[in-house]
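# Architecture and fold: a report
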Amino acid sequence: MPKKKLSEYRAKRDFTKTAEPSGSATVRAAQNLRFVIQKHAATRLHYDFRLELDGVFKSWAVTRGPSIDPKDKRLAVEVEDHPLDYGDFEGTIPKGQYGGGTVMLWDRGFWAPLGDESPEAQLRKGELKFVLVGEKLKGSWVLVKIKNDRFGDGKRNNWLLIKHKDEGAHPGDDDKLLSLDRSIASNRTMAQIAAGEGNGPEPFILKGRRAKRPDAVWHSDGKKADDDDPEPAARKRPLKRMPVRKVAKTRAKSAADDAETSGARVLGIAISHPDKVLWPASSDTAVTKIDLAHYLEAVGDWMLPHIKGRPCSVIRAPDGINGQTFFQRHAMRGMSKEIDLVRISGDREPYIEVNSLEGLIALGQIAALEFHPWNCAPLLPDVPGRLVFDLDPAPDVAFARVVDAANELRQRLEAVGLVAFCKTTGGKGIHVVTPLKTRGGAAVGWDEAKMFAGALCQQMAKDSPEHYLIKMTKKLREGRIFLDYLRNDRMATAVAPLSPRARPGATVSMPLTWGQVKRDLDPKRFTVQSVPALLKKSAAWKDYCDSERPLKSAIKKLLGS
């Protein structure tokens with residue numbers, strides 16, 4: 001850590017009385033520059049805006065908080081440089097100490113300078129243009145230094161923080177953004193942080209990335225919570241394979257008896273009530289539970305490599321799609337021994353995991369109609385294994401335009417060195433998928449993956465705002481396609497290739513060759529009845545496993561463009 005740059009920061013603080021970082025901790029290396037915004041209830045409430053640069057956080061106190069209305073020019077008072085480990089600080093600074101009050105991690109993410117000049121040169125000139133990819137703030141901004149300062153006494157370096165007009169802007173915002181008033185790191189309110197309650201903040205900067213204790217703060221009484229407690233409340237459990245729970249004998253016997261009566265077995269898995277209709281007849285014949293089991297048997301070998309080793313949520317419809325459906329991610333009593341269970345750090349309950357054809361069919365036996373795996377690398381939930389972009393059109397958008405969007409997104413991915421694959425969603429949209437290299441030091445974290453996906457979609461929306469948007473707001477969707485990049489997060493899911501959908505017609509999320517992705521493409525033709533035969537003739541995704549590319553280099557190309 002550059003000691004000279006932090007001399008003012010350290011001089012203002014007594015680290016025997018405040019829990020603020022001193023700058024001595026080891027921080028996690030990142031391929032891209034980071035930013036944090038901390039809501040700070042000091043003498044006057046303000047928002048501390050920090051940009052990583054040259055090994056420290058360049059910092060400004062934004063008196064009224066950031067605004068996404070380009071007409072709002074928010075005063076940003078430049079303050080001393082802060083250490084990078086300050087980017088994980090959330091807690092209470094004791095009363096009487098410099099900046100005494102409660103600090104919340106309000107937003108964080110990555111940033112990149114805009115223009116040909118270096119950010120250092122831009123700061124010297126008094127005008128820094130940059131793009132933010134955070135959880136709350138997105139898009140391009142500018143910090144402009146006030147030369148004829150009418151706000152201060154001449155002793156402070158005052159700037160204006162201004163939002164550029166782009167997809168992330170919202171004229172007439174009236175500070176609605178600031179109403180998103182929970183910590184991005186712990187989901188706590190200011191009151192909970194002050195009281196040391198709730199979850200500890202998840203680290204973003206520090207190595208180790210273990211959640212801090214919620215009460216690991218200094219309070220005004222000068223007493224410090226014990227950070228050496230051997231069982232901190234928010235400690236994560238490592239990934240651990242679980243022994244499978246055994247099926248209750250009475251339930252297992254009942255299911256087996258039903259199956260024996262009708263003679264319904266698929267790969268040794270007893271299918272109870274095999275004639276139960278799951279998808280009523282529409283243009284084709286009805287699809288029963290035994291039909292679903294046979295479909296999963298037919299496509300399972302193709303489907304499994306995209307599911308194995310990953311937690312997998314399912315949508316179940318025990319009485320068919322016209323009955324009650326429910327989303328299930330955790331294990332349940334009586335679940336077949338063919339279905340693997342896995343513990344994931346950060347969750348007490350074991351998750352479903354599908355690692356065999358028998359497991360896939362066993363889930364079909366309990367009327368699991370849809371399969372939604374995580375997008376991590378197999379057996380590595382903290383490592384992104386692929387990116388999924390969901391092109392979700394408004395109701396008035398023709399499917400031919402979604403096809404155009406998929407081809408444009410493919411070009412953008414290939415321009416930064418990634419290989420793109422395409423599949424229907426089984427609904428009105430398209431998924432564009434790119435496999436990521438994770439071996440040989442190529443792996444990145446979920447923060448970087450989400451930042452990249454968001455930045456790529458933002459560029460696409462900025463170039464064609466009449467066609468695309470990255471906001472989910474329904475009133476803005478008319479005539480446009482929502483570029484959903486939010487599936488690229490640790491616990492986010494996307495429907496698996498070849499998964500059926502719990503929708504009329506028994507449609508399937510069908511992998512395609514790019515030669516098939518034409519404007520006359522009809523996604524409704526891919527169904528549980530038609531896909532097994534079509535798959536035998538298809539060359540779709542044949543080179544998927546050989547197409548993994550490192551995301552690190554793609555990020556550099558994207559942000560450098």
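Calculation rules
- Residues numbered from 1 in each chain as written.
- Predicted model: local features only at pLDDT ≥ 70, side-chain atom pairs only at ≥ 80, totals over all residues.
- Heavy atoms only, no water.
- Axes fitted to C-alpha atoms, helices over the stretch in contact; angles between N-to-C directions.
- Helix = DSSP H or I, 4+ residues; strand = E, 2+ residues; numbered from the N terminus.
- Parallel < 35°, antiparallel > 145°, perpendicular 65-115°, else oblique.
- Left-handed = near helix turned anticlockwise from the far one by under 90°.
- Contact = heavy atoms within 4.5 Å.
- pLDDT = per-residue confidence, 0-100.
- Core = buried A, V, L, I, M, F, W, Y, C linked by side-chain atoms within 4.5 Å.
- Buried < 20%, exposed > 50% of the residue type's maximum accessible area, 1.4 Å probe, protein only.
- Pairing = 2+ DSSP bridges.
- Expected span 1.5 Å × (residues − 1).

### Thoughts on the packing of helix α7 (residues 399-415) against helix α8 (residues 446-463)
Angle between the axes and distance between the axes are the two parameters that describe a pair of packed helices. Interhelical geometry of α7 versus α8 gives an angle of 125° and a closest axis separation of 11 Å. Between α7 and α8, the angle is such that the two are oblique. Considering the relative orientation of α7 and α8, their crossing is right-handed. In this structure, α7 contributes A405, E408, L409, R412 and L413 to the contact, and α8 contributes F452, L456, Q459, M460 and D463.

### Let's talk about the confidence of the model for the chain
Detailed conclusions should not be drawn from predicted coordinates in areas where pLDDT is low. Across the chain, the average pLDDT comes to 85, with 86% of residues at 70 or higher. Low pLDDT (under 50) marks residues 216-263, which in the prediction has 91 contacts with non-local residues, meaning those over four places away or in another chain.

### Some details on the nonpolar core
Considering soluble globular proteins, one finds that nonpolar side chains tend to be buried as a cluster. Membership of the largest hydrophobic core comes to 99 residues, with the highest contact counts inside it found for F371, V432, F452 and L551. For this core, the element with the most residues is α8, which contributes 10 residues. Filtering out sequence-adjacent residues up to four positions away, F452 remains in contact with L387, L413, V416, L418, L551, A554, I555 and L558. Within the second largest apolar cluster, 26 residues are counted, among which are L53, A76, L161 and I193.

### Some remarks on the sheet that holds strand β26 (residues 481-484)
Across the sheet, which stays open at both edges, the six strands sit in the order β25-β26-β22-β24-β23-β27 with mixed pairing between neighbours. In this open sheet, the two strands that pair with only one neighbour each are β25 (468-469) and β27 (511-512). Alignment of strand β23 (residues 421-424) against β27, held across two bridges, turns out to be antiparallel. Within β27, the residue paired with K423 across the bridge is P511.

### Topic: the environment of G87
Within the secondary structure, G87 is located in the loop between β4 (73-82) and β5 (91-93). Here G87 is in contact with V36, F57, L105 and I205, once residues within four sequence places are set aside.

### Examining α8
Relative to the 26 Å expected for 18 residues at 1.5 Å per residue, α8 spans 26 Å between its end C-alpha atoms, a close match to the ideal helical length. For α8, the tally of buried residues reaches 14 of 18 residues, placing the bulk of the element in the interior.

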